[in-house]
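# Geometric and topological summary
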Amino acid sequence: MDWSAIFLTLRLALVVCTAELIIGTPIALWLSFTRWRYKFLAESVVALPLVLPPTVLGFFVLVALGSNSPIGRWYQSLTGHGLAFTFEGLVIASLIASMPFAVQPMAAAFSQVDRNLINASSMLGASRFRTFVRVIFPLSISGVVTGFVLSFAHTLGEFGVVLMVGGNIPGVTRTVAIAIYDRVQAFDYAGANRMALLLMAFSFVTLSITYSINHRVWAVSPMQR
Amino acid sequence: MPYPAGDPAVQLSKRVPLFEPSDKHYGSGVDLAMRDSRAFLKRKSAVKRVNSIVQAAFVLLACIYIWIPAQAAAAELKVAAAADLTFVFKDVAAQFEKQTGNQLKLTYGSSGNFFSQIQNGAPFDLFFSADISFPKKLEAAGLIEPGTIYDYARGEIVIWVPNDSKLDLSKGLAVLLDPSIRKIAVANPVHAPYGAAAVAALHHDKIYDQVKSKFVMGENIAQTAQFVQSGNADVGIVALSLALAPAMKTKGRYVVVPPDDYPPLIQAAVIIKSSTNKELARQFLKFIKQPDTVALMAQYGFTLPEALAADHGSTSAPH
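All values derive from a computational prediction rather than experimental measurement.

Turning to the overall build of chain B, a few remarks are in order. Looking only at helices and strands, one finds 14 helices and ten strands in chain B. Of the contacts made within chain B by residues no fewer than 6 positions apart, 76% connect residues no fewer than 24 positions apart.

The structure is reproduced here in structure tokens:
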């Protein structure tokens, strides 16, 4: 069992889903409440990683972060090393790849909140932020949890983007999915099998917890009308 | 502020008494208002519950961040190794660790892929290429430590079939024309040197056009070997070093493709200029040149280029 790959994957997934929560929430809020006529364009951009092959995403990210791009050069001047083939680069690539998995459930939940409650909250003098924290967020907690967990689970299992941007470096960018690929190529089917089973069990448990929360098996989220 | 700020849900619930029905009117429209108000009351406690869940989640996350340690950046040697080294380097790394106490972080792949990754700034210390042309190109681009290119072996390709195959390997490459063959595993010639060698040999025997429709292409030579070792391809053109590996040796048989059929696969190692670990990298290169390591490599079919050239009586210089 390749423990460094397992810990690396967990670390990556946790960083990504937390960042997704911070970045994705404003995007989801904007998508749910904007009246902009061309919002469908923004929605399409957010959903793009769902339909694009990971190679396209990986290629673009690699070029965008590489030492020949402005972003890559800027980062290099700050830190002394490039973004490609580093953990940080992996985080950025995974952030983009799992964006729809976080934003879409959140946006769906936000737009289902009763507008009357939001209006009432504003009428009673609550600021937008306060309305979000005390009304919208609690009422859409299941959507937020779903987005959080789906982006976590998706990052756990991401392969193509990670392979292209990360480059399979042990302890730095070799995640479980890539370690499995590596084991198979080295004829170590037993090792591949162990890690594949672990990944499957972990993903199953993660998803089960989310769906159980959503189906109110345990009362952890408030009723919605 | 015209209205007192506060939790809107709570404030809404405070207004509930306005709708408080008397028992007599129960079942009328007031009933609905009553249910509404109850929903609001419920919601208030739900808000608190959600908050405590969110807090608990953050505490948990914080714990996990602390629990999962960040990986140490230095001290280990990051080696990009051509996929034909997959098995021999397991032993070599173990020996190196035993002798020096230093660890190797090995990544296997196709040499062409590593070449483009290194061009894009991949943080490897050492690059073991299956074809010297890639280190040469990196040298031209100024990306390697000058004067560190070392030819460690000459690679050979073999035709490999599983034990239960009925193919007669003594025919050499011509065996690939056998109509019972559905899939031939070959490494991608664009970026895997062994794939390029296989294609060159097929061209040399003038059977490339007849067999190319049966190709399945591995991303690198180890994946190619895996295709045929797992029985998914009927026959494969793989590296001799993989055919000699324990996992393949017992499972099939092979015949060496005559080395004169394709340009020599001179394998070369090089220290990458951006390496932060050059001392250790030099130490490992020195270790590779030691007689016992050379002997170990020879067990896997990696003979030094000069020795092999002497064997074949030809002195084809590396291109």
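Next, the rest of the story.
Here the focus is the confidence of the model for chain A. Within chain A, residue pLDDT values average 87, and 96% of them lie at 70 or more. When mean pLDDT is taken per element in chain A, helix H6 (residues 99-111) of chain A scores highest with 94 and helix H4 (residues 70-79) of chain A scores lowest with 82.

With that settled, the discussion passes to the packing of helix H4 (residues 88-100) of chain B against helix H13 (residues 291-299) of chain B. Any two packed helices are characterised by how steeply their axes cross, that is the angle between the axes, and by the distance between the axes. All names here are of chain B. Packing of H4 against H13 leaves a shortest axis separation of 10 Å and a crossing angle of 160 degrees. As the angle between them shows, H4 and H13 are arranged roughly antiparallel. For the crossing formed where H4 meets H13, the hand is right-handed. Where H4 abuts H13, its residues Val88, Phe89, Asp91, Val92, Gln95 and Gln99 lie against Asp292, Thr293, Leu296 and Met297.

All names here are of chain B. Taken in spatial order, the five strands line up as E2-E1-E3-E10-E4 in an open sheet, and their pairing is mixed. At either end of the open sheet lies a strand with only one pairing partner, and these are strand E2 (104-109) and strand E4 (150-155). On average, each strand axis in the sheet is inclined to that of its neighbour by 15 degrees, with strand direction left out of account. In terms of strand pairing, strand E1 (residues 77-82) meets strand E3 (residues 126-129) through three bridges, oriented parallel. Pairing of alanine 81 across the sheet is with phenylalanine 128, part of E3. Across the sheet, helix H6 (residues 133-140) is in contact with E3 and strand E10 (265-271); its angle to E3 comes to roughly 140 degrees.

Right, let's get into the environment of phenylalanine 128 of chain B. For phenylalanine 128 of chain B, the position within the fold is in strand E3. Considering only alpha carbons, one finds phenylalanine 128 of chain B and alanine 269 of chain B, 141 residues apart in sequence, at a separation of 4.2 Å.

Further remarks concern the packing of helix H11 (residues 176-185) of chain A against helix H12 (residues 189-214) of chain A. Residue and element names in this part refer to chain A. In the contact formed by H11 and H12, the axes pass within 8 Å of each other and the chain directions differ by 155 degrees. The angle between H11 and H12 falls in the class roughly antiparallel. Here H11 runs over H12; the crossing is left-handed. Residues Val176, Ala179, Ile180, Arg183 and Val184 of H11 form the contact with H12, whose participating residues are Tyr189, Gly191, Ala192, Met195, Ala196 and Leu199. A class-by-class count of the residues in the contact of H11 with H12 yields nine nonpolar, one polar and one charged.

On the surface, a nonpolar cluster with roughly 540 Å² of combined accessible area is contributed by Trp30, Trp36, Tyr38, Phe40 and Leu41 of chain A. On the secondary structure map, tryptophan 30 of chain A appears in helix H1 (residues 3-33).

This paragraph deals with the domain arrangement of chain B. All names here are of chain B. Domains assigned within chain B are domain 1 (36-66), domain 2 (73-154 + 266-306) and domain 3 (156-261). Across the boundary between the two partners, domain 2 contributes 18 residues, which contact 18 residues of domain 3. Roughly 1300 Å² is buried in total at the junction of domain 2 and domain 3, and carbon and sulfur atoms are behind 64% of that figure. For the pair domain 2 and domain 3, the number of links is zero salt bridges. Inspection of the domain 2/domain 3 interface yields six residue pairs in polar contact (both at pLDDT 80 or more). Here the element with the most residues in the side of domain 2 that touches domain 3 is helix H5 (residues 111-119); it accounts for three residues.

Cut-off values and rules
Residues numbered from 1 in each chain as written. Chains lettered and ligands numbered in written order. Predicted model: local features only at pLDDT ≥ 70, side-chain atom pairs only at ≥ 80, totals over all residues. Heavy atoms only, no water. Helix = DSSP H or I, 4+ residues; strand = E, 2+ residues; numbered from the N terminus. Contact = heavy atoms within 4.5 Å. pLDDT = per-residue confidence, 0-100. Axes fitted to C-alpha atoms, helices over the stretch in contact; angles between N-to-C directions. Parallel < 35°, antiparallel > 145°, perpendicular 65-115°, else oblique. Left-handed = near helix turned anticlockwise from the far one by under 90°. Pairing = 2+ DSSP bridges. Nonpolar A, V, L, I, M, F, W, Y, C, P; charged D, E, K, R; others polar. Patch = residues over 30% accessible without salt bridge, like charges linked within 9 Å, V, L, I, M, F, W, Y side chains within 5 Å. Areas by Shrake-Rupley, 256 points an atom, 1.4 Å probe, with all protein chains shown as cover. Salt bridge = Lys/Arg side-chain N within 4 Å of Asp/Glu carboxyl O. Domains from an automatic or database assignment. Buried area = accessible area lost by both parts, 1.4 Å probe. Polar contact = N/O pair within 3.5 Å; in protein donor to acceptor, adjacent residues only side chain to side chain.

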